[in-house]
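Geometric and topological summary
In case you want the letters, here they are:
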Amino acid sequence: MRNFRFAFLSLALLLPAPLAAAKPVTLVEGTNLAVAVDPASGVAVLALQGRLYRQAPGEVAAMPITGWLDDAWEPDFAPDGSAVVFKGYGEESFDLYRVRVDGKGGIERLTDSLFDDREPLYSPDGAAVLFSSDRSGNYDVWRLSLAEGALTQLTDAPGDEFSPALSPDGENLAWIAAEGREQVILTRAIAGDAPVEAYRSASKLSGLRWLPDGSALSFRSLDRDPAGNATSSLRRLDLASGADSVLSPAGADVFPFRATWLDAQTAVYTSDGVVKVWREGQALAERPFSVSFDIPAREYAHRERDFDAADERQVLGISTPALSPSGDVVAFTALGDLWLWNPDKQDLQQLTDDAAADQMPSWSDDGKQLAWVSDRGGEYRIYLQDLASGERIALPVSQRSISFPSWSPDGRRFAFFTDVPDNPLLHVVGQLMVFDRDSGKLEKYSQPMPPQSIAWSADGSKLLTLRLKPYSRRYREGLYVLAVIDLQAGTTTDIVPVPHRSIAHVSYSAKAGGVAFEQDGVLYRMPLTAQFEPDGPVELLHAGLADSPHWSKGGEQLVFQAGDRLQRMTVATGELEDITPPLSWQRDVPQDEWVLRAGRVFDGRALEYRENVDIHVRGQRIVELLPMGARDDLPVVDASDKVVIPGLFESHAHIGDHNHSESQGRAFLAYGVTSIRDPGSNPYLANERKEAWTSGRRVGPRTFITGHNIDGRRAFYAVVEAVSSDAHLERALQRAELLELDFLKTYVRLPDRQQQRVTEFGHATGIPVTSHELLPAAIYGVDAIEHFTGTSRRGYTTKISELGRSYQDVVEVITTADMGIVPTMVVPGVVLTFSEQDDIYSTPQFNNFYGPSMKQTYQDFMAFFGPGAEGYVDAYGELLTKLIERDALVGTGTDSPFTPFGTGLHAELRLYQREGIAPAKILLAATYQSARIAGAERDLGSIEPGKLADMVVIDGDPLADISDSDNIVLTVKNGRRYTQDELFEYRDSWR
């Protein structure tokens, strides 16, 4: 709902009263802090971590004038000093708001749309507000009349135009325009003369402001020094001469906002975490501030995890169900294999039976053959099987990745997505390809896009899929919409079924006359002609939770997933039938009893070794730790000259949101990774992988899954769920509960109010919640934070400046709230490993699973970080050191596949050591602390009696040099032992 105009300030109306004890916190520095000052009164308004604070002149303490859920930024004073205008993300998009500085009267909403309005600026007469907005398909400068509410577009160039400034007399306009790789400051008379170029730069410009005497403009510039490190400065551009001068000192971390000019010789701006006062010819001064508030203690009952029960469980990981053309059989993937299910006959057949990742079935038009993707043999290929004879062939196409194969109506061609050459981000982008079986020709179509399901037109001339349609070039987020690819013309055309709403999971039926898709968490149909042209309004097919729809050929029936249920709909009547297959799985529970004899043990609790220890293992659990030789009556694995550590945690790896890899599980174990926290995957596919690994059908680590990232209306990654309403959010949470997800992750454009609802739901069901956010997430109990940096809806983050630096606010909130954090320093720090620790790319693990060509791919792909990566890593290292010194809950993760799976975690550990962290603290972060972040420390993260037997045997001394941690000779996961040689080989069965 977007029809409200006022949001009242009482915090009690924004957040419930805390039930647990609260901890006080005082902030005296701010990361990406902004300030506005009234020149007449000297009153300042600070924007700090999404909240506005009023600071009287001569006082240090500042008091809040907005609430936690307003996400308020970039204040600008009215000419009379009575109010400020700001951008706020109260609901679904950035709008403009006004609040009185004395805190009376509440917050007034000035704009109300699903477009983003940013960088507000009062006109000198106070009658209007200028701002930038993506209302016109890119960013332009707009004017809002405060009296009438009328909007006027002031610029209309094809590129993005933003950061407006007005001359003191209100007669002239200045703004920043993006032109290719450069940015230009343009000026013109407000009445509409042709713009005049005042300044051009390859730097990133922001915060444009006209000086009070009209002679100059000030702005913030983000640059690179000769070594490639980021630098920033506050600059003044003389409009008469065109000369610019730097006002801020060298090395300053100037934040990307407008300075306030009290007069032509005095500017107030923010830099290095504080408010700076610049006066012509005088030393730079500071205006100290402090803000104080309470952070409630986070208390809830955590869900008990059962890692031991071997009873039969319903399969939840049913992936990519495909309904046969006749509508009577469903093909799907579960437990690593392909299955055929005829619910009318109650006939369930297993089509494949091996450890390869067999997935994504696709029916031939006559229903006599089935195609699917498999990585058997180490390469992705498309296999075809004649269902009557059982004859099976592989198409002569092999790629590093193949997904979403789709059979042409005549059966002679296949459309599918493959990897983009020299791009390792298989979860982000793919290339649409068509293979002609007669000619053997493989052709690519359209630009790379996130892999999605594909449909053919009846005549085979066009393809239908989904692609991202951004709102502008300035920011990456947009909507997922229908994309029609004309194979003859080579064109791609977008169809937007409903404005401002993303869609997912398309399935087309020519006889049904339309495409079915998921939108708002429910099922819709859009009529299309045979040539994929819109042919009528969107129609609701099913108002309940619905995912992954798939038509029968005739369009009479449709199957879809609804959490733990598979449903079949008779479209004409809307009648639903539960056709969930009777498929179950059992946890792999070993029965062996044995001893791991260790010369030295890092147990994950103490910071030094225990020496000469026998670790007694029964089944999947550690029974006891005894003096060496105490249990010679049991089989002994001799590691008396080795070091044993707990199994490593990879706490942030995207291990596949649309397809599987058999070798991936072996690679993780070969690197000693026995537990993975996957912060974003298709939840059905994530459960399929989890059940295949947990049952022992495929070998791999244990996983903690979150499913789709819960995001706002706009999205970037295909794995996110672009939530469009509160009802949609509740359906997403319903799915999470039905699929028994291990934690919830909210993403960058979900409004804070809805993030609070996700947190309440997660804690009520006993699972943790994570996000990129710091505040107000800490106030309502979000458990953890992903990345030191990470994307943000604001155009700047709340944890790291654009120079990579953090300030006291970040450390204070994280430690006071006891929030976990997974830094992922390896992005961009992986660049440094190529030059400083190249041996990590010549280990037996890397040579076996990746090889020199993959090293080169990553080296080339990550080169865009450039030599400036060192500056960022060192800045991140300062934050890491402060957090560990404060005993913060720091884990280890990589954001793979930005780095190779497994390799990246060891690169992350080496970066920690590079930045001065003691190896024992590093291993603690990679084991017990990461288990705490996953909410699994009762069973994992340390070598103690009663814990699960997840351990790694190392030939070396990782407490002396963390780089020894990849010298692995044996990995123990769930009590089962795996040598490196065993993990380097594919097996059809591991039991």
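Positions within a chain are numbered from 1, following the residues in the order the chain's sequence is written. Only residues with pLDDT of at least 70 get local features here, since the model is predicted, and only at 80 or more are side-chain atom pairs given and counted; chain-wide, interface and lining totals rely on the full set of residues. Note: side-chain values were computed over all heavy atoms of the structure, leaving out hydrogens and water.

**Describing the domain arrangement of the protein chain**
- The domain limits used here are those given by an automatic or database domain assignment. Here the protein chain is partitioned into domain 1 (30-293), domain 2 (313-579) and domain 3 (593-706 + 783-987).
- Computed from C-alpha atoms alone, the centre-to-centre distance between domain 2 and domain 3 is 35 Å.
- Any pair of residues with heavy atoms lying within 4.5 Å of one another is described as a contacting pair. Counting residues at the interface gives 41 residues for domain 2 and 29 residues for domain 3.
- Joining two parts hides part of their accessible area as seen by a 1.4 Å probe, and the buried area is that hidden amount summed over both. Here domain 2 and domain 3 share an interface that buries about 2,800 Å² over both sides, 56% of which is from carbon and sulfur atoms.
- If you sort the residues of domain 2 by the area they bury against domain 3, Ala 355, Pro 424 and His 427 come out on top, with a joint share of 23%.
- Between Lys or Arg on one side and Asp or Glu on the other, a salt bridge is scored when a side-chain nitrogen of the former is within 4 Å of a carboxyl oxygen of the latter. On inspection of domain 2 and its partner domain 3, the count reaches two salt bridges.
- Arg 697 serves as the salt-bridge partner of Asp 337, at 3.0 Å between the closest nitrogen and oxygen.
- Helix and strand assignments come from DSSP, with helices taken as H or I runs of at least 4 residues and strands as E runs of at least 2, each series counted from the N terminus. Where the side of domain 2 that touches domain 3 is concerned, the elements lending two or more residues are β30 (330-334), β33 (358-363), β37 (402-407) and β50 (557-562).
- For the side of domain 2 that touches domain 3, the element with the most residues is β37, which contributes three residues.
- Here the side of domain 2 that touches domain 3 is built from residues that sort into 18 nonpolar, 14 polar and nine charged. Classification convention: Asp, Glu, Lys, Arg as charged; Ala, Val, Leu, Ile, Met, Phe, Trp, Tyr, Cys, Pro as nonpolar; all other residues, Gly among them, as polar.

**Some words on the sheet that holds strand β22 (residues 244-246)**
- Strands pair, by our definition, only if DSSP identifies at least two bridges between them. In space, the four strands of this open sheet follow the order β19-β20-β21-β22, with antiparallel pairing throughout. What marks the edges here is a single partner per strand, and that holds for β19 (204-210) and β22. Direction aside, neighbouring strands of the sheet carry axes that sit 30° apart on average.
- Relative to strand β21 (residues 230-238), strand β20 (residues 216-224) is paired through nine bridges, and the arrangement is antiparallel. Its bridge partner lying in β21, Leu 222 is registered against Ser 232. What counts as an axis is a line fitted to C-alpha atoms, over the stretch in contact for a helix, and the angles between N-to-C directions run from 0 to 180 degrees.

**Points about the sheet that holds strand β45 (residues 504-509)**
- Pairing is antiparallel in the open sheet, where four strands are placed in the order β45-β46-β47-β48. Edge positions in the sheet fall to β45 and β48 (539-542), since each of these pairs with one other strand and no more. Across this sheet, the average inter-strand angle for adjacent strands is 30°, counted without regard to direction.

**Quick look at the side chain of His 652**
- Position of His 652 among the secondary structure elements: in the loop between β58 (648-650) and α2 (662-670).
- Taking the relative accessible area as the measure of exposure, His 652 reaches 0% and is therefore buried.
- Under this definition, polar contacts are N or O atom pairs within 3.5 Å; protein pairs additionally need one hydrogen-donor-capable and one acceptor-capable atom, and for neighbouring residues in sequence, both atoms have to be side-chain atoms. A distance of 2.6 Å separates polar atoms of two side chains, one belonging to His 652 and the other to Glu 786.
- Not counting the four nearest positions on each side in its chain, His 652 is found in contact with Arg 677, Pro 679, Lys 745, Glu 786, His 787, Val 822, Thr 824, Thr 892, Gly 893, Thr 894, Asp 895 and Ser 896. Residue burial is assigned from relative accessible area. The probe radius is 1.4 Å, only protein chains are included, and a residue is buried under 20% of its type maximum, exposed over 50%, and partly exposed in between.

**Concerning the packing of helix α6 (residues 808-817) against helix α10 (residues 869-885)**
- The N-to-C vectors of α6 and α10 enclose an angle of 35°; their axes lie 10 Å apart at closest approach. By crossing handedness, the relation of α6 to α10 is classed as right-handed. Counting all contacts with α6, which are made through Val 810, Val 811, Ile 814 and Thr 815, the residues of α10 involved are Leu 879, Lys 882 and Leu 883.
- Tallied by class, the residues present in the contact of α6 with α10 amount to five nonpolar, one polar and one charged. Note on convention: the crossing is left-handed when the near helix lies turned anticlockwise from the far helix by less than a right angle, right-handed when the turn is clockwise.

**Section: the environment of Leu 948**
- Following the sequence through the fold, Leu 948 ends up in the loop between α12 (919-933) and β68 (951-954).
- Sequence separation between Leu 948 and Arg 621 is 327 residues; the distance between their C-alpha atoms is 4.4 Å.
- If sequence neighbours within four positions are ignored, Leu 948 has contacts with Phe 307, Asp 308, Gln 620, Arg 621, Ile 622, Arg 702, Asp 939, Leu 940 and Asn 974.

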